[in-house]
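Report on the structure
If you want the building blocks of each chain, they are given just below.
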Amino acid sequence: MVLEIMSQRIRVIAGNWKMNTVLDEAVELVNGLRYELDEIDTVEKIICPPFISLAKIKELLQGTSIRLGAQDLFYEDKGAYTGEISGSMLSDLCQYVIVGHSERRAYFNEVDEIVNRKMKAALRHGLKPIMCVGENLKQNESGTSESVISEQLRVGLSGLTSSNLMVAYEPVWAIGTGKAATGTYAQKMMAFIRRQIAEIFTETAANELPILYGGSVNPENILEMLAEPDIDGALVGGASLKPGLFLSIVRQAAKSSC
Ligand SMILES: O=C[C@H](O)COP(=O)(O)O
């Protein structure tokens, strides 16, 4: 069941630069994007560079319509947590934060309970979290994708007092592999996610909440994704590091806006 028509939600294209770009490269990348991106006003455009570049990029984006996001945060607000970055540190630098990316789940043992604490920390500090969910190849092949995602959502969103967030569906097998899911498959999973959101929050919240697809998104497949009713945008990895590719994705998203 499709809960509502796309026109009531915004298009969102977020670029996750992951652990790429030293400061100079980050500045160069933003300079190659910002004027043209700024002109596109029917899409929420978000870039998520490494922590060390946030302050500089905030300056470069001042007065533009491009939003800034962090790639992670810690769940405590301050204290003896060497190396960690808190929501209070991020709240005057950026508007968004990615939480529970599959790379953090896989390499840093971020279990659903930690994701949940990070979601609460983000909301506590006025950051809009983009919570990532998705099954890995083994789970996909064993037919457990829906139960895996259902659990990620149930625990990750547990006890939240606000649904002011986005969800990114990123099948792990599609990330960085060049093998994106088909639009049909992504739609099936994302309609499932929207139904789960309706159960966890309310149907109204589910209707309003943007759900993004992530996993080998490029200018060739973005329209296939955005043609689906439950796919509101994309979380783009590799292609967000190439200004021409990222701009092309955002431009196509703008044209596909209702
Ligand atoms: O956060 C972004 C995703 O992990 C997708 O990465 P990718 O576009 O390089 O596959």
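Note that the structure is a prediction, hence the values are computed from the model and not measured. (Residues numbered from 1 in each chain as written. Predicted model: local features only at pLDDT ≥ 70, side-chain atom pairs only at ≥ 80, totals over all residues. Heavy atoms only, no water.)

The topology assignment puts Gln252 in helix 12 (residues 243–255). What Gln252 contacts, discounting residues up to four positions off in sequence, is Pro219, Ile222 and Leu223. (Helix = DSSP H or I, 4+ residues; strand = E, 2+ residues; numbered from the N terminus. Contact = heavy atoms within 4.5 Å.)

A few words now on the UniProt feature "active site" (unreviewed entry) in the protein. Within this structure's numbering, the places UniProt gives as "active site" (unreviewed entry) are His101 and Glu170. These annotated residues cover 70 residues of sequence, and their C-alpha atoms lie no more than 8.5 Å from one another, placing them together at a single site. Relative to the helices and strands, His101 resides in the loop between strand 4 (96–99) and helix 5 (102–107). Looking at His101, the relative accessible area reads 4%, which means it is buried. Aside from chain neighbours lying at most four places away, what touches His101 is Asn16, Lys18, Cys132, Glu170 and Ile175. Within the secondary structure, Glu170 sits in the loop between strand 6 (166–169) and helix 9 (183–200). Under the relative-accessibility criterion, Glu170 is labelled buried at 4%. Excluding anything up to four places from it in sequence, Glu170 contacts His101, Cys132, Val133, Gly134, Glu135, Ile175, Gly214, Gly215 and Leu235. (UniProt positions renumbered as here; feature names shortened; annotations may be inferred. Buried < 20%, exposed > 50% of the residue type's maximum accessible area, 1.4 Å probe, protein only.)

Attention now moves to the site of the ligand. As a matter of local geometry, the ligand sits amid Asn16, Lys18, His101, Glu170, Ala174, Ile175, Gly176, Gly215, Ser216, Leu235, Gly237 and Gly238. In this structure, Lys18 approaches the ligand through a side-chain N or O atom, which is 2.8 Å from an oxygen atom. Considering the ligand on its own, with 300 Å² of exposed area, one finds that the protein chains cover 94% of that surface. (Near = heavy atom within 4 Å. Polar contact = N/O pair within 3.5 Å; in protein donor to acceptor, adjacent residues only side chain to side chain. Areas by Shrake-Rupley, 256 points an atom, 1.4 Å probe, with all protein chains shown as cover.)

Here the focus is the sheet that holds strand 5 (residues 128–133). Around the barrel, which closes on itself, the 8 strands sit in the order 1-2-3-4-5-6-7-8 with parallel pairing between neighbours. Strand after strand, the sheet turns through a mean of 25 degrees between neighbouring axes, direction not considered. Across 3 bridges, the pairing between strand 7 (residues 211–214) and strand 8 (residues 233–236) is parallel. Along strand 8, the bridge assignment pairs Leu212 with Gly233. Helix 9 contacts strand 5, strand 6 and strand 7 of the sheet and is inclined by roughly 145 degrees relative to strand 6. Against the sheet, helix 12 contacts strand 1 (11–16), strand 2 (43–48) and strand 8, and its axis sits at roughly 170 degrees relative to strand 1. (Pairing = 2+ DSSP bridges. Axes fitted to C-alpha atoms, helices over the stretch in contact; angles between N-to-C directions.)

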